[in-house]
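Per-entry structural report
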Amino acid sequence: MIMTKRSIQLSADLHDYLIAHSSGPDALLEELAEETAERFAPSASMQIGPEQGTFMTLLTRITGARRAVEVGTFTGYSSICIARGLASGGRLLCCDVSEEWTSVARRYWEKAGVADRIELRIAPALETLRTLDEPVDLAFIDADKVSYLDYWEELVPRVRPGGVLLVDNTLRGGRVLDEAEQNEDVRAIRAFNEHAARDDRVELVLLPIGDGLTLATKR
Ligand SMILES: C[S@@+](CC[C@H](N)C(=O)[O-])C[C@H]1O[C@@H](n2cnc3c(N)ncnc32)[C@H](O)[C@@H]1O
């Protein structure tokens, strides 16, 4: 009989323990999370979690990424985590449609000392992605769920062989499993997961970090 090792369910205490035994977040990211929670609840829950942020900084650094793209910036937490991991001379292009939310991001980019390596484009992300003509080392998708498949299709051809794609919320709180769940976002994530898992251009793993984080590398 084959015994399958499964990821364990994290209780709130075990999650706290995991955070306490990981690097970061530093005081600046904590301040950003607090300001976002105070000013923008309940939208604040859109922000990535601290362990995801650390994971993304380490992954960006380990892969030596110099040219990164983020789809969905909000108040800037994940963009700071990516920007901090970029190799010397690296650049991050951020795509969002909200001037209000990204004005907070701009302020924290200055405080974090990463403003000089980030470009923000305020426009529907599909429009921005279609203008990209340089190979991408690392892409992060975290915007409107119904467009995930379209973002993927624009980004996969642009990511260089060996480059990385990260896609957030791919477990959607576990609702992907509930066949009765017909919420538009959940259906979109389900369709995305099925599409990506069968995509021969990449190898991927769906990690149980945060709300589910798909990590793919281009063949
Ligand atoms: C889940 S939040 C991003 C959270 C962010 N990654 C963080 O860690 O704080 C989603 C963001 O996608 C943006 N967004 C929604 N639709 C978009 C679109 N069509 N094009 C670009 N950005 C979009 C929203 O304005 C919002 O800021």
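Residues numbered from 1 in each chain as written. Predicted model: local features only at pLDDT ≥ 70, side-chain atom pairs only at ≥ 80, totals over all residues. Heavy atoms only, no water.

A word on the overall build of the protein chain
What the protein chain contains, in helices and strands, is 8 helices and 7 strands. Its C-alpha atoms give the protein chain a radius of gyration of 17 Å, within 12% of the compact-globule value 17 Å for 219 residues. Counting only C-alpha atoms and orienting by the principal axes, one finds that the protein chain spans roughly 55 × 40 × 35 Å. For the protein chain, the proportion of its 219 residues judged to be buried stands at 47%. Long-range pairs, those at least 24 residues apart, make up 69% of the contacts in the protein chain between residues at least 6 apart in sequence. As displayed, the protein chain offers around 11300 Å² of accessible surface, 52% of which is attributable to carbon and sulfur atoms. The protein chain carries 25 positive and 36 negative side-chain charges, and their two centres are separated by 5 Å. (Helix = DSSP H or I, 4+ residues; strand = E, 2+ residues; numbered from the N terminus. Rg over C-alpha atoms; globule rule 2.2 N^0.38 Å. Buried < 20%, exposed > 50% of the residue type's maximum accessible area, 1.4 Å probe, protein only. Contact = heavy atoms within 4.5 Å. Areas by Shrake-Rupley, 256 points an atom, 1.4 Å probe, with all protein chains shown as cover. Lys, Arg positive; Asp, Glu negative; His and termini not counted. Charge placed at Lys NZ, Arg CZ, Asp CG, Glu CD.)

Observations regarding the site of the ligand
Of all residues adjacent to the ligand, which total 21 residues, the nearest are Gly72, Ser78, Asp96, Ala125 and Asp142. Within the side chain of Asp144, an N or O atom sits 3.3 Å from a nitrogen atom of the ligand. Relative to its free-state accessible area of 610 Å², the ligand is covered by the protein chains to the extent of 89%. Taken together, the elements giving at least two residues each to the shell around the ligand come down to α4 (77–85) and β2 (91–96). Along the lines of polarity and charge, the residues of the shell around the ligand split into 13 nonpolar, 5 polar and 3 charged. (Near = heavy atom within 4 Å. Polar contact = N/O pair within 3.5 Å; in protein donor to acceptor, adjacent residues only side chain to side chain. Nonpolar A, V, L, I, M, F, W, Y, C, P; charged D, E, K, R; others polar.)

With respect to the nonpolar core
Judged by nonpolar contacts, the single largest core of 33 residues is most densely connected at Ile80, Ile82, Leu92, Trp109, Ile118, Phe140 and Leu166. What Ile118 contacts, discounting residues up to four positions off in sequence, is Ser79, Ala83, Arg91, Leu92, Cys94 and Trp109. If you look at the next biggest cluster of nonpolar residues, it comprises 25 residues, including Leu93, Leu155, Leu165 and Ala216. (Core = buried A, V, L, I, M, F, W, Y, C linked by side-chain atoms within 4.5 Å.)

What about unusual backbone geometry?
Of note, the amide linkage connecting Gly24 to Pro25 takes the cis form, showing an omega dihedral of -5 degrees. Within the secondary structure, Pro25 is located in the loop between α1 (12–20) and α2 (27–40). Residue Pro42 follows Ala41 across a cis peptide bond; omega there is 0 degrees. If you check the backbone angles, Asn169 has positive phi at about 70 degrees while not being a glycine. Inspection of the secondary structure assignment puts Asn169 in the loop between β5 (159–168) and α8 (184–197). If you check the backbone angles, Arg172 has positive phi at about 45 degrees while not being a glycine. Tracing the sequence through the fold places Arg172 in the loop between β5 and α8. Arg172 sits in the buried class, given a relative accessible area of 17%.

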